[in-house]
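Structural characterization, general
In case you want the letters, here they are:
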Amino acid sequence: MRWLRAMRESYYGWRIALTLAITETISWGILYYAFAVFIRPMELDTGWSRTELTGAFSLALLLRGAMAVPVGIWIDRHGARLLMTVASLLASALLALWSQADDLAIFYLVWSGLGLCMAALFYEPAFTVIANWFLRKRARALALITLVAGFASTVFLPLANSLLQQHGWRTAVLLLAILLAATTIPLHALVLRRRPADIGLQADGASEDPGSSPPSSDESARDILRGSVFWSLTAAFSLAMLGGTAIRVHFVPFLLEQGVDDNLAAAGAGLIGAAQVLGRLIFAPVAERLSLLWLTELSLALQLLAVSLLLLPGADWRLWLFVLLFGAAVGSATLLRPALLAERFGPARFGRISSVMVVFLTLAGTVAPVGASAVHALGGGYGPVLWGIAGITLAAMLVLLPARVPTTRAAGK
């Protein structure tokens, strides 16, 4: 597509975007997705229960959310280069320690540390870097990162399983630690830079007034966090996360409860990831021409429509249409959220304000699976769950309306 031609441009920001696309894919693949492959062999080898194993992983996710604000403040003040390099080094060491762990307490300590590393390595730090390096082409740069990283599970689940089958889980984890260290540490250390002005450039590579900063909001971070616009956006994206996560976790059980074949249910769940990539491909170029607030409403409307399809009786077509619409909605939201925040509030305080939102997104994602299970048990099926998710998604659309985010796009052209 035309926007991919940007990768051939000489602007240094595209080297950073490509680097982050690679390191995000590897970091997500090894630190997040690969864990599922090792649950069963660890159960058999260590005697730890599945609840104990997944509890450590859940703790890591909670710590990731808790560290979001300190990480955001650091990156706003000092940039991401040192932090992401050190986090890559620490994560690699912790993975190596995990491969040798025989004590449950050590295992929990390892995953506590990995949760801190996730906060410094996953999307939010990368989005902050892109917010500082791009203005007019910000959506394209964000799309590049999320598009490539969208294949993290596709690449690393089979890779982790292959290493497991060949070498056992301990050696497999150790090999993944070596891969993480060999790729992300040098890339973060050698390529990342704080802002374009550090090397005499402007955002997007503009040539005039090389030392100047791109236009941004005059509001302080404190003013932003006290304002209604930020909390309207936070409420909308948190509600969307609540409903979307509930669907992702319970989609396969829902289909099985409906009598759908096991293989078809698994295939449908797997294709949601591919549909996310499609959503980012579609929304990225459109985001440079239309209101990001309007596109976010459209993304939520797609999610609502997708959920509504699951409430219809029978027919295989609704499954595939749901996968397409829901995946596109979730995938586009990953792109639109940082683009919308950067457009409204500017790059200077992006790390801080985005990280505050991430705390609420993490809470929503943590509560969603358990909450949906409780509603399923009380309601005697997934009907009440789906109606609840539809209501939550509609509420997200409504709370977004008062934001009325002004666009700074004209200033960047």
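Cut-offs applied
- Residues numbered from 1 in each chain as written.
- Predicted model: local features only at pLDDT ≥ 70, side-chain atom pairs only at ≥ 80, totals over all residues.
- Heavy atoms only, no water.
- 1 Å grid on protein atoms, 1.4 Å probe; cavity = no way out; pocket = protein on both sides within 12 Å on 5 of 7 lines; lining within 4 Å.
- Points joined across faces, edges and corners; volume = space filled by probe spheres on them.
- Helix = DSSP H or I, 4+ residues; strand = E, 2+ residues; numbered from the N terminus.
- Nonpolar A, V, L, I, M, F, W, Y, C, P; charged D, E, K, R; others polar.
- Buried < 20%, exposed > 50% of the residue type's maximum accessible area, 1.4 Å probe, protein only.
- Contact = heavy atoms within 4.5 Å.
- Salt bridge = Lys/Arg side-chain N within 4 Å of Asp/Glu carboxyl O.
- pLDDT = per-residue confidence, 0-100.
- Expected span 1.5 Å × (residues − 1).
- Polar contact = N/O pair within 3.5 Å; in protein donor to acceptor, adjacent residues only side chain to side chain.
- Arc of directions from axis to C-beta.
- Core = buried A, V, L, I, M, F, W, Y, C linked by side-chain atoms within 4.5 Å.
- Axes fitted to C-alpha atoms, helices over the stretch in contact; angles between N-to-C directions.
- Parallel < 35°, antiparallel > 145°, perpendicular 65-115°, else oblique.
- Left-handed = near helix turned anticlockwise from the far one by under 90°.

This next bit is on empty space enclosed by the protein. Considering all chains together, one arrives at three cavities of 30 Å³ or more under this definition. Taken as a whole, the second largest cavity encloses approximately 100 Å³ of empty space. Together, 16 residues line the second largest cavity, and A68, V71, A119, E124 and P125 are the ones closest to its centre. Looking at the lining of the second largest cavity, the elements that each hand over two or more residues are α4 (68–78), α6 (104–121), α7 (123–133) and α16 (350–379). Across the lining of the second largest cavity, the residue classes tally to nine nonpolar, five polar and two charged.

Tracing the chain through its elements places T19 in helix α1 (residues 12–33). Judged by relative accessible area, which is 6%, T19 ranks as buried. Dropping the residues within four chain positions of it, T19 is found in contact with L187 and V191.

Time to look at the pattern of salt bridges. Counted under the stated rule, the structure contains five salt bridges. When the shortest N-O distance is used, the salt bridge between R170 and D102 registers 2.7 Å. Of the two residues, R170 is situated in helix α10 (residues 169–191) and D102 in the loop between α5 (81–100) and α6; the sequence distance between them amounts to 68 residues. For R170, a relative accessible area of 22% puts it in the partly exposed group. Note on D102: relative accessible area 62%, which makes it exposed. Salt-bridge contacts for R337 lead to E124; the nearest nitrogen and oxygen are separated by 2.5 Å. Here E124 lies in helix α7 and R337 lies in helix α15 (residues 317–345), a separation of 213 residues in the sequence. For R337, a relative accessible area of 10% translates into the label buried. Here E124 falls in the buried class, since its relative accessible area comes to 12%. Each of D45, D102 and R170 takes part in one network of salt bridges that share partners.

Attention now moves to the confidence of the model for the protein chain. The share of residues in the protein chain with pLDDT of 70 or more is 91%, and the mean pLDDT across the chain is 85. Confidence over residues 207–217 falls short of pLDDT 50; this stretch has 21 contacts with residues more than four positions distant or in other chains. Every residue in residues 407–413 scores below 50 in pLDDT, and together they form twelve contacts with partners more than four places removed in sequence or on other chains.

All right, on to the side chain of S332 then. Its location among the elements puts S332 in helix α15. According to the relative accessible area criterion, S332 is buried, its value standing at 0%. Discounting residues that sit within four places of it in the chain, S332 has contacts with G279, R280, F283 and S299.

What follows deals with helix α14 (residues 292–310). The end-to-end C-alpha separation of α14 is 28 Å, in line with the 27 Å expected for 19 residues at 1.5 Å each. Most of α14 sits out of view: 14 of its 19 residues are buried. For α14, the N-terminal cap is S291; the gap from its side-chain oxygen to the backbone nitrogen of L293 is 3.2 Å.

All buried positions along α4 are accounted for by A68, V71, G72, I75 and D76. Projected down its long axis, α4 carries its buried residues within an arc of 135 degrees, all on one side. Structurally, α4 contributes buried residues whose contacts are with α3 (50–66), α5, α6, α7 and α16. Of the residues one or two after α4, G79 is the one with positive phi, at around 85 degrees.

Following the sequence through the fold, F345 ends up in helix α15. Spatially, the C-alpha atoms of F345 and L304 are 28 Å apart, while their sequence positions differ by 41 residues.

Counting residues in each nonpolar core, the largest one holds 128 residues, and the members touching the most others are L31, F38, W98 and W111. Ranked by residues supplied to this core, first place goes to α15 with 14 residues.

Our next topic: the packing of α14 against helix α17 (residues 383–400). How two helices pack is summed up by the angle between their axes together with the distance between the axes. Between α14 and α17, the least distance of the axes is 9 Å, while the angle of their chain directions is 165 degrees. Here α17 runs roughly antiparallel to α14, going by the angle between their axes. For the element pair α14 and α17, the recorded crossing hand is left-handed. Residues L293, T296, E297, L300, A301, Q303, L304, V307 and L310 of α14 touch α17, and the partners they reach there are L386, I389, A390, T393, L394, A396, M397 and L400.

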